[in-house]
Amino acid sequence: MYAPSAPPPPSPHPERRSRLYIAPYEGEFACDVTVLFDANGRVCFADERPEDRDVDGVLWERWEGTQTGELDWAAHFPARQCEVMEGRPLCGVCKGDPDRDERGTLWLLHAGDHPVLRPLPRSITTATPAICIPCARRAMRACQELRRGSVALRVREAPVIGVRGTLYSPTAPPLPDQVVRFEDDALRRLVARQLMRELIDAEIDDTTLMASASGPAVAAGTASAACGREAGRG
Ligand SMILES: [Zn+2]
């Protein structure tokens with residue numbers, strides 16, 4: 001019943017009302033599909049459609065629905081995550097150009113997912129897209145996980161090296177969240193969810209976001225690309 005005097009529902013965090021390009025909405029969902037092995041030992045869907053595979057023949061989770069309701073900040077919508085990850089890196093929040101300077105492209109990673117980031121390993125494998133400075137600032141404000149620990153990196157070389165998803169076996173239960181490189185034969189047994197990049201020889205950028213944090217306030221318009229946790233659903 002319409003109640004004009006009823007108080008409005010509690011608003012989400014102002015930074016969280018806005019868009020996050022790679023996040024799924026409440027109205028979007030992974031379809032319940034039956035995964036089988038074909039005669040060649042390759043995973044397939046019982047009702048597979050041509051669009052379930054990419055041009056390289058990799059099978060992807062099938063997602064459907066509409067961009068309605070709240071965003072799920074902890075997850076990636078596979079097709080949109082791919083869009084900003086493949087080819088030239090794009091900002092995962094606004095799909096614009098990520099920040100670049102002489103040290104390379106800006107990445108903002110959750111420190112909790114990379115416990116050994118200091119000193120930096122030569123190679124970091126991540127599903128998190130690059131980011132621009134305004135989106136990184138909002139991400140830092142909006143995302144509790146990032147406030148608990150994050151690291152900004154500059155990266156010159158970040159090839160797409162494989163996919164993460166569920167690895168199937170004819171004899172054992174499926175294993176979620178497995179990263180498989182493109183050259184690995186296990187790719188035939190994987191239902192992919194995220195494209196992975198390898199950040200090579202990244203350097204820590206302790207200055208850019210610190211400097212911009214004292215800059216002028218920016219109206220809420222977007223939020224955290226790096227907010228979703230890397231492992232699990234992120
Ligand atoms: Zn952005």
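About the thresholds
Residues numbered from 1 in each chain as written. Predicted model: local features only at pLDDT ≥ 70, side-chain atom pairs only at ≥ 80, totals over all residues. Helix = DSSP H or I, 4+ residues; strand = E, 2+ residues; numbered from the N terminus. Buried ≥ 20, exposed ≤ 12 C-beta atoms within 10 Å, placed from the backbone. Pairing = 2+ DSSP bridges. pLDDT = per-residue confidence, 0-100. Contact = placed C-beta atoms within 7 Å. Core = buried A, V, L, I, M, F, W, Y, C linked by C-beta atoms within 7 Å.

J.: Would you mind showing me how to read the overall build of the chain here?
T.: Counting secondary structure elements, the chain contains 4 helices and 13 strands. Counting over 234 residues, the chain shows a buried share of 39%.

J.: Is there a simple way to explain helix α2 (residues 133-142) in this structure?
T.: Residues spaced three or four apart along an α-helix point in a common direction, a consequence of the helix completing one turn every 3.6 residues. In terms of burial, α2 is largely enclosed, as 7 of its 10 residues are buried. Looking only at α2, the buried set comprises C135, A136, R137, R138, A139, M140 and A142.

J.: I tried to follow the sheet that holds strand β6 (residues 100-101) on my own but got confused; where do I start?
T.: Working definition: the strands of a sheet are paired by backbone hydrogen bonds and lie parallel or antiparallel to each other. As summarised here, the arrangement of the 4 strands in space is β6-β7-β9-β13, forming an open sheet in which the pairing is antiparallel. Here the strands that pair on one side only, and so sit at the sheet edges, are β6 and β13 (203-204). Sheet analysis places strand β7 (residues 104-110) next to strand β9 (residues 150-155), joined by 6 bridges and oriented antiparallel. Across the sheet, L106 pairs through a bridge with R154, a residue of β9.

J.: Where do I start with the pairing of strand β12 (residues 190-200) in this structure?
T.: Looking along a regular strand, one sees the side chains alternate between the two faces of the sheet. Most of β12 is tucked away, with 9 of its 11 residues classed as buried. Note that strand β4 (residues 59-60) and β12 share 2 bridges and pair parallel. By the bridge assignment, L59 is partnered in β12 with V191. Pairing of strand β8 (residues 123-126) with β12, which is carried by 4 bridges, proceeds in the antiparallel orientation. Bridge assignment links T126 to a residue of β12, and that residue is R197. Relative to β12, strand β10 (residues 160-167) runs antiparallel, the two being bridged by 7 bridges. Note on β12: the bridge partner recorded for V160 is R197.

J.: Just to check I follow, could you spell out the confidence of the model for the chain for this structure?
T.: Detailed conclusions should not be drawn from predicted coordinates in areas where pLDDT is low. In this model, the chain carries a mean pLDDT of 84, and residues with pLDDT of at least 70 account for 79%. Between residues 1-17, whose pLDDT stays under 50, and residues either more than four places distant or in other chains, the model counts 12 contacts. Across residues 214-226, where pLDDT falls below 50, the model places 50 contacts with residues more than four positions away in sequence or in other chains.

J.: What is the right way to read the pairing of β9 from this model?
T.: Most of β9 sits inside the fold, with 6 of its 6 residues counted as buried. Here β9 shows no split at all, with S150, A152 and R154 on one side and V151, L153 and V155 on the other all buried. Here 2 bridges tie β9 to β13, and the two strands are oriented antiparallel to one another. Across the sheet, L153 pairs through a bridge with I204, a residue of β13.

J.: What's the story with the environment of R181 in this structure? I'm lost.
T.: Tracing the backbone shows R181 in strand β11 (residues 175-181). Distance in space between the C-alpha atoms of R181 and V163 is 6.4 Å, their sequence separation being 18 residues. Filtering out sequence-adjacent residues up to four positions away, R181 remains in contact with I161 and G162.

J.: In this structure, what is going on with unusual backbone geometry? I would like to understand it.
T.: A negative phi angle is the norm for most residues apart from glycine, just as the trans form is the norm for most peptide bonds. Notably, K95 is not glycine yet its phi reads approximately 65°, a positive angle. Relative to the assigned elements, K95 resides in the loop between α1 (78-85) and β6. With 18 C-beta atoms counted inside 10 Å, the residue K95 sits in the partly exposed group. The backbone of D177 sits at a positive phi, close to 55°, despite the residue not being glycine. Note on placement: D177 falls in strand β11.

J.: So what exactly am I meant to see when it comes to the nonpolar core here?
T.: Considering soluble globular proteins, one finds that nonpolar side chains tend to be buried as a cluster. C91, W107, I131 and A139 are the most contacted members of the largest nonpolar core, which has 50 residues in total. Elements with a minimum of two residues in this core: β4, α1, β7, α2, β9 and β12. With 6 residues, the top contributor of residues to this core is β12. Once residues lying within four places of it in the same chain are set aside, the contact partners of W107 are T128, A130, I131, L153, V155 and L199.

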